[in-house]
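Tertiary structure, described
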Amino acid sequence: MTKNSANLGVVGGKLRPCPDTPNCVCSMDPAAAHHVEPLAFPGDPDEALTRLKAVLANQTRTRLVTEEADYLHAECSSLIFRFVDDLEFSLDRLAKKIHVRSASRAGKYDFGVNRRRVEAIRRAFEAHSAAPAA
């Protein structure tokens, strides 16, 4: 169980909203300062989730800690100070989207780290889908 586990997970079909601090992004948050687009995918939702797990496995200092039906939680550690950020994904099978939330556990500012992380994962997820099957 993580230190911040009470603030994680899906509640009422949604990832938890971001706090009022500028160190969180979430595809389900309507506030422009926190909003990022979810990951979109064509095809089979299970294949998309498998692809996402493969992308996460290739992210540096990222460890998958919870895998439930249609939900993933990973912890991401910073290089120097080893601060931990929580990265969550919730699969929406009908809409063919994977909602995402990335939030720092400590401090108030993240200097854009969470947004850059989500966008890097998006690029890798899209590139992985475009790669030819082996």
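Anything mentioned here points back to the structure above.
Summarised in this report is the structure supplied together with it. (Residues numbered from 1 in each chain as written. Predicted model: local features only at pLDDT ≥ 70, side-chain atom pairs only at ≥ 80, totals over all residues. Heavy atoms only, no water.)

Observations concerning the overall build of the chain
As a reminder, the rule being used: Under the scheme used here, helices are H or I runs from DSSP no shorter than 4 residues and strands are E runs no shorter than 2 residues, and both carry numbers assigned from the N terminus. The globule rule is 2.2 Å times the number of residues to the power 0.38, and the radius of gyration it is compared with is taken over C-alpha atoms. Note on classification: 1.4 Å probe, protein chains only; a residue is buried when its accessible area is under 20% of the maximum for its type, exposed when over 50%, partly exposed between these limits.
Within the chain, the regular secondary structure consists of two helices and eight strands. Along the chain, from the amino end to the carboxyl end, the secondary structure elements read β-β-β-β-α-β-β-β-β-α. In terms of overall dimensions, the chain is globule-like: its C-alpha atoms have a radius of gyration of 14 Å, near the 14 Å expected for 134 residues. With respect to the principal axes defined by its C-alpha atoms, the chain has extents near 40 × 35 × 30 Å. Here the chain holds 134 residues, and the buried ones make up 39% of them.

Observations concerning the pairing of strand S7 (residues 84-92)
As a reminder, the rule being used: By definition, two strands form a pair when at least two bridges between them are found by DSSP.
Across the nine residues of S7, seven count as buried, placing the element largely inside the fold. Strand direction decides the pairing type here: strand S6 (residues 71-77) and S7, joined by seven bridges, are antiparallel. Paired with Tyr 71 across the strands is Ser 90, a residue of S7. The hairpin formed by S6 and S7 contains six residues between the paired strands, and Arg 82 there has a positive phi angle of roughly 60°. As judged from the eight bridges shared by S7 and strand S8 (residues 97-104), these two strands associate in the antiparallel manner. Bridging from a neighbouring strand, Asp 92 pairs with Lys 97 of S8. As consecutive antiparallel partners, S7 and S8 are separated by four residues, and within that stretch Lys 96 has a phi angle of approximately 55°, a positive value.

Examining helix H1 (residues 45-57)
An α-helix turns once per 3.6 residues; consequently, residues spaced three or four apart project the same way. Rules: For a helix, the expected span equals 1.5 Å multiplied by the number of residues minus one. This arc corresponds to the set of directions leading from the helix axis out to the C-beta atoms.
Look at H1: 18 Å from first C-alpha to last across 13 residues, which is about the 18 Å you get at 1.5 Å a residue. The set of residues buried in H1 consists of Pro 45, Ala 48, Leu 49, Arg 51, Leu 52, Val 55 and Leu 56. For H1, the arc enclosing every buried residue in end-on projection is 160°, short of the 170-degree limit, so these residues lie on one face. The exposed set on the far side of H1, more than 90 degrees from its buried face, consists of Glu 47 and Ala 57.

Some remarks on the state of the cysteines
Heads up, the condition is: Note on terminology: pairs of cysteine sulfur atoms within 2.5 Å are recorded as disulfides.
Enumeration over the complete set of coordinates arrives at one disulfide. Paired through a disulfide, Cys 18 and Cys 24 show a sulfur-sulfur distance of 2.2 Å. Between Cys 18 and Cys 24, the S-S dihedral sits near -70°, and the bridge is therefore left-handed. A relative accessible area of 10% places Cys 18 in the buried class. Take Cys 76: it sits in no disulfide, and the sulfur closest to it among the cysteines is that of Cys 24, at 13 Å.

Here we look at the packing of aromatic side chains
To keep things clear, this is the line we draw: When the centres of two rings from Phe, Tyr and Trp lie within 6.5 Å, Trp using its six-membered ring, the rings pair. Their planes under 30 degrees apart give stacked, over 60 give edge-to-face, and anything left gives tilted. Charge-over-ring contacts are defined here by two conditions on Lys NZ or Arg CZ: a distance within 6 Å of the ring centre and an angle within 35 degrees of the ring normal.
Scanning the model with the defined rule gives one aromatic pair in all. The interplanar angle of 35° and the centroid separation of 6.4 Å between the aromatic rings of Tyr 109 and Phe 111 together place this pair among those described as tilted. In this structure, Tyr 109 and Phe 111 share a single accessibility class: exposed. Above the face of the Phe 125 ring, Arg 51 is positioned so that its terminal group lies 4.0 Å from the ring centre.

Remarks on the nonpolar core
Quick reminder of the rule: Throughout this description, the term nonpolar core refers to a set of buried Ala, Val, Leu, Ile, Met, Phe, Trp, Tyr and Cys residues connected via side-chain atoms within 4.5 Å.
In terms of nonpolar packing, the biggest core is built from 20 residues, with Leu 52, Leu 87, Phe 89, Ile 98, Ile 121 and Phe 125 touching the most fellow members. The set of elements that each furnish at least two residues to this core consists of H1, S6, S7, S8 and helix H2 (113-130). When residues in this core are grouped by element, the largest group, five residues, is from H1. Counting seven residues, the second-largest nonpolar core is a separate cluster that includes Leu 15, Cys 24, Tyr 71 and Ala 103.

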